[in-house]
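Notes for the structure review
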Amino acid sequence: MVSLSSYDIIVECQKRHGAGEFFPRTDGLQEEERRAAQRRRFLEANPETTASHRDAILRAAVTPGMTRGEATAAWGLLDEDTANVYGHVAESRAVVYAYFTGFNVGATCALYMAGDVLAGVRETRDLVEPHPRETDMKLADRYLGLFCFYELSNGVVIGTDMDEYRNPPDILAMNMHRTEAIPRFSEDEAAMKSLETRLIGHGVYSDYLEALRRLGTDVDHATLAERCEAAVSVKRPYASWLFNMP
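None of these values were measured; they are calculated from a predicted model.

Cut-offs and rules
- Residues numbered from 1 in each chain as written.
- Predicted model: local features only at pLDDT ≥ 70, side-chain atom pairs only at ≥ 80, totals over all residues.
- Heavy atoms only, no water.
- Pairing = 2+ DSSP bridges.
- Helix = DSSP H or I, 4+ residues; strand = E, 2+ residues; numbered from the N terminus.
- Axes fitted to C-alpha atoms, helices over the stretch in contact; angles between N-to-C directions.
- Buried < 20%, exposed > 50% of the residue type's maximum accessible area, 1.4 Å probe, protein only.
- Arc of directions from axis to C-beta.
- Contact = heavy atoms within 4.5 Å.
- Phe/Tyr/Trp six-rings, centres within 6.5 Å; stacked < 30°, edge-to-face > 60°.
- Parallel < 35°, antiparallel > 145°, perpendicular 65-115°, else oblique.
- Left-handed = near helix turned anticlockwise from the far one by under 90°.
- Polar contact = N/O pair within 3.5 Å; in protein donor to acceptor, adjacent residues only side chain to side chain.

The strands making up a sheet associate through backbone hydrogen bonding, with each pair oriented either parallel or antiparallel. Within the open sheet, the three strands sit side by side as S7-S8-S9. Their pairing is antiparallel. Every interior strand has two partners, whereas the edge strands, strand S7 (148-151) and strand S9 (179-181), have only one. Recorded for the sheet is a direction-independent mean angle of 25° between the axes of neighbouring strands. For strand S8 (residues 157-160) and S9, the ladder comprises three bridges, and the chain directions are antiparallel. Bridging from a neighbouring strand, Thr-160 pairs with Thr-179 of S9.

Here you go:
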């Protein structure tokens, strides 16, 4: 496991690893129809994609300079691809830098982000130690509609439905964004029950029950940790692998 300071993350992102190179997915999964369809849908919805990036996406290859959405489409990333992806985020002068490792796409790669732009790509087997609240943030992202996370000095993690570093100050001043403390789902029965109600609303409760069955348990006997694991394992069509947590 690699432990990085915020300074280390920013420096590595600014090195522009792999600039001018292409990193194709080579594990065979790039040929799956659902991933190919994801590439087609992305390109249809984003006609402004540059010719070079469009060509790379069609070849299932990522390259520095792509947006996060372009890289996700190129590799056809689904939730199952990001189960072992972990990273840390740092912020400097209103730019959010991120370093993520564990993308196994034939080679094992790390991705470096500067804002929403892929700043670098490097083949490495180094792993960044996951944040201790990683599972709570994943559940909040999936089911609570909160996707930007900030850790306070007292260890509390809050989530918002707007990026406080990117949205205009007047929007924030009008309190149009939602901010909530993220529950510790594996320790809070009431929070977990509320989350399970949301699973019904999202239409994935039966998938959740099946995930519990695969763990050898059911909703009446599973521990909170098992219920969290099952909820995280429920698949979604697309991956969300960038937690904004300066």
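Having seen the structure, we can now continue with the description.
All of the buried residues in helix H3 (residues 51-58) are His-53, Ala-56 and Ile-57. The buried residues of H3 all sit within an arc of 100° when viewed along its axis, so they share a single face. Residues Ala-51 and Leu-58 are exposed on H3 and point more than 90 degrees away from its buried face. Against helix H2 (33-45), strand S2 (61-62) and helix H4 (68-75) lie the buried residues of H3. Where H3 ends, the next residue or the one after it, Ala-60, has phi of about 55°, a positive value.

With that settled, the discussion passes to the packing of aromatic side chains. Applying the stated rule across the entire model yields three aromatic pairs. Taken together, a centroid distance of 6.0 Å and an interplanar angle of 45° make the contact between Trp-75 and Phe-103 tilted. On the criterion of sequence distance, the pair formed by Trp-75 in helix H4 and Phe-103 in strand S4 (residues 95-104) is long-range, its members being 28 residues apart. Accessibility classification places Trp-75 together with Phe-103 in one group, the buried group.

At a minimum axis distance of 10 Å, the contact between helix H5 (residues 134-144) and helix H7 (residues 189-201) shows a crossing angle of 40°. Of the possible angle classes, the one that applies to H5 and H7 is oblique. When you trace H5 past H7, the crossing you get is left-handed. Between H5, through Leu-139, Tyr-143 and Leu-144, and H7, the contact on the second element is made entirely by Leu-195, Arg-198 and Leu-199.

What follows is about the pairing of S4. In terms of residue burial, S4 counts as a mostly covered element, since eight of its 10 residues are buried. Pairing analysis gives seven bridges linking strand S3 (residues 86-92) to S4, with the strands arranged antiparallel. The residue of S4 that forms the bridge with Gly-87 is Phe-100. Note that S4 and strand S5 (residues 108-114) share seven bridges and pair antiparallel. Across the sheet, the residue bridging to Tyr-99 is Tyr-112, located in S5. Hairpin connection from S4 to S5: three residues lie between these consecutive antiparallel strands, with Gly-106 at a positive phi of about 110°.

Here we take up the side chain of Thr-217. As for its placement among the helices and strands, Thr-217 is situated in the loop between helix H8 (205-214) and helix H9 (224-233). The class of Thr-217 is buried, set by a relative accessible area of 13%. At a separation of 3.2 Å, a polar atom in the side chain of Thr-217 contacts the main-chain amide nitrogen of Ala-222. When neighbours within four sequence positions are excluded, Thr-217 is seen to be in contact with Leu-212, Ala-222 and Glu-226.

The next subject is unusual backbone geometry. Here Arg-16, not a glycine, exhibits a phi torsion of approximately 60°, which is positive. Relative to the helices and strands, Arg-16 is located in the loop between helix H1 (6-14) and strand S1 (23-24). Even without being a glycine, Ala-60 presents a positive backbone phi close to 55°. Inspection of the secondary structure assignment puts Ala-60 in the loop between H3 and S2. On the basis of relative accessible area, Ala-60 is assigned to the buried category, the value being 2%.

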